[in-house]
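# Examining the three-dimensional arrangement
Letter by letter, the chains look like this.
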Amino acid sequence: MSDILIDARSLSRSYLQGESSIAVVASATFRLRARDRVALVGRSGSGKSTLMHLMAGLDVPSSGAISWSALGPAETLLPAKISLVFQAQSLLEPMTVSENVALPLLLAKSTVDIDAAVSAALATFGLESLSRKLPEELSGGQMQRVAMARAIVGNPSVILADEPTGQLDQPTGHALLDALLAHLDGTNTALVIATHDPSIAARMNTIWRIERGVLVESSGTLEEA
Ligand SMILES: Nc1ncnc2c1ncn2[C@@H]1O[C@H](COP(=O)(O)OP(=O)(O)O)[C@@H](O)[C@H]1O
Ligand SMILES: [Mg+2]
């Protein structure tokens, strides 16, 4: 199987603003490979979330091409093969922590032992004691950790985490990243984290920088157009 999980060529996403069309992501060309650890950095409004939604197949590019040849058709990506951790709170309010974390397995009709997989995912982020709580009983940081447990539970090929440490103080953010990286160590999963925090970005092995929709600077595996 190819190591290239996401292959994007001249990817653009524009929105109409009055009469004119504004490119929120402009001609982004990149490849995401198995085991990549990418920090997507850029100011607020630079296009990070839009790019992540394109990478997840949740949004459709205005022009350019994106393919997930190694992963299968776009409509089968979420949530089994690609996990997207939204920037905004995304736990379902009437469901407990455990039920929220089980969701990707239920949606993907997984045949694994759901209770065991959910317990392991919760334990990865030290959340065992919260399993029966409702989202409204959690702090913002706890919700982010539950969303992360939900992202790993199905062993996806790609995890796209949109500012997952945004609600956390720096030591707690690093602890979350420690747990995530330790969990992914030895797997083929690729990880992309959007972050404002240079100390978080420095822990990835590739940095993609986005400025006003343009991927302008990088280290590591970003390919030339
Ligand atoms: N659905 C939309 N309609 C119009 N403009 C949008 C939409 N989604 C995002 N934008 C605009 O695109 C720009 C980039 O947004 P976003 O991708 O959320 O950036 P970031 O995640 O880096 O903060 C912002 O100026 C935002 O207002
Ligand atoms: Mg964003």
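Residues numbered from 1 in each chain as written. Chains lettered and ligands numbered in written order. Predicted model: local features only at pLDDT ≥ 70, side-chain atom pairs only at ≥ 80, totals over all residues. Heavy atoms only, no water.

### A few points about the confidence of the model for the chain
Looking at the chain as a whole, the pLDDT averages 93, with 96% of positions reaching at least 70. Here residues 221–225 scores under 50 on pLDDT; set against residues more than four positions off or in separate chains, the count is 14 contacts. (pLDDT = per-residue confidence, 0-100. Contact = heavy atoms within 4.5 Å.)

### Notes on the coordination of the magnesium ion (ligand 2)
Note on the magnesium ion (ligand 2): its protein donors are Ser 49 (OG) and Gln 87 (OE1). The metal-donor distances range over 2.1 to 2.2 Å. One end of the pair, Ser 49, is in helix α1 (residues 48–55); the other, Gln 87, is in the loop between β5 (82–85) and α2 (97–107), and 38 residues separate them in sequence. (Donors = N, O, S within 2.8 Å, 3.2 Å for Na, K, Ca; no water. Helix = DSSP H or I, 4+ residues; strand = E, 2+ residues; numbered from the N terminus.)

### With respect to the pairing of strand β7 (residues 190–195)
Burial within β7 is extensive, with 6 of its 6 residues counted as buried. Residues Ala 190, Val 192 and Ala 194 point to one face of β7 and Leu 191, Ile 193 and Thr 195 to the other, with burial holding for every one of them. For strand β3 (residues 37–41) and β7, the ladder comprises 5 bridges, and the chain directions are parallel. When the sheet's bridge partners are listed, Leu 40 is paired in β7 with Ala 194. Across 5 bridges, strand β6 (residues 158–162) lies against β7 in parallel orientation. Bridged to Leu 160 within β7 is Val 192. Where the polypeptide runs from β6 across helix α5 (residues 170–184) and back to β7, its parallel neighbour, the crossover connection is right-handed. (Buried < 20%, exposed > 50% of the residue type's maximum accessible area, 1.4 Å probe, protein only. Pairing = 2+ DSSP bridges. Right-handed = clockwise from strand over helix to strand, strands pointing away.)

### Points about the environment of Pro 61
Following the sequence through the fold, Pro 61 ends up in the loop between α1 and β4 (63–67). Residue Pro 61 is classed as partly exposed on the basis of its relative accessible area of 22%. Separated by 64 residues in the primary sequence, Pro 61 and Phe 125 place their C-alpha atoms 34 Å from one another. Those residues within four positions of Pro 61 in sequence are excluded, and the remaining contacts are Leu 11, Ser 12, Arg 13, Leu 54 and Ile 66.

### Things to note about the sheet that holds strand β1 (residues 4–17)
Spatially, β2-β1-β4 is the arrangement adopted by the 3 strands of the open sheet, whose pairing is antiparallel. With partners counted over all chains shown, the strands left at the sheet margins are β2 (20–33) and β4, one partner each. Here the strands of the sheet are splayed against their neighbours by 20 degrees on average, with no regard to which way each runs. (Axes fitted to C-alpha atoms, helices over the stretch in contact; angles between N-to-C directions.)

### Regarding the packing of α2 against helix α3 (residues 114–124)
For any two helices packed against each other, the geometry is given by the interaxial angle and the distance between the axes. Close contact between α2 and α3 brings their axes to 9 Å; oriented N to C, the two are set at 120 degrees. The angle between the axes of α2 and α3 places the two elements in the oblique class. Judged by the twist between their axes, the crossing of α2 over α3 is right-handed. Contacts between α2 and α3 pair Val 97, Ser 98, Val 101, Ala 102, Leu 105 and Leu 106 from the former with Ile 114, Ala 117, Val 118, Ala 121 and Leu 122 from the latter. For the contact of α2 with α3, a count of residues per class yields 10 nonpolar, 1 polar and no charged. (Parallel < 35°, antiparallel > 145°, perpendicular 65-115°, else oblique. Left-handed = near helix turned anticlockwise from the far one by under 90°. Nonpolar A, V, L, I, M, F, W, Y, C, P; charged D, E, K, R; others polar.)

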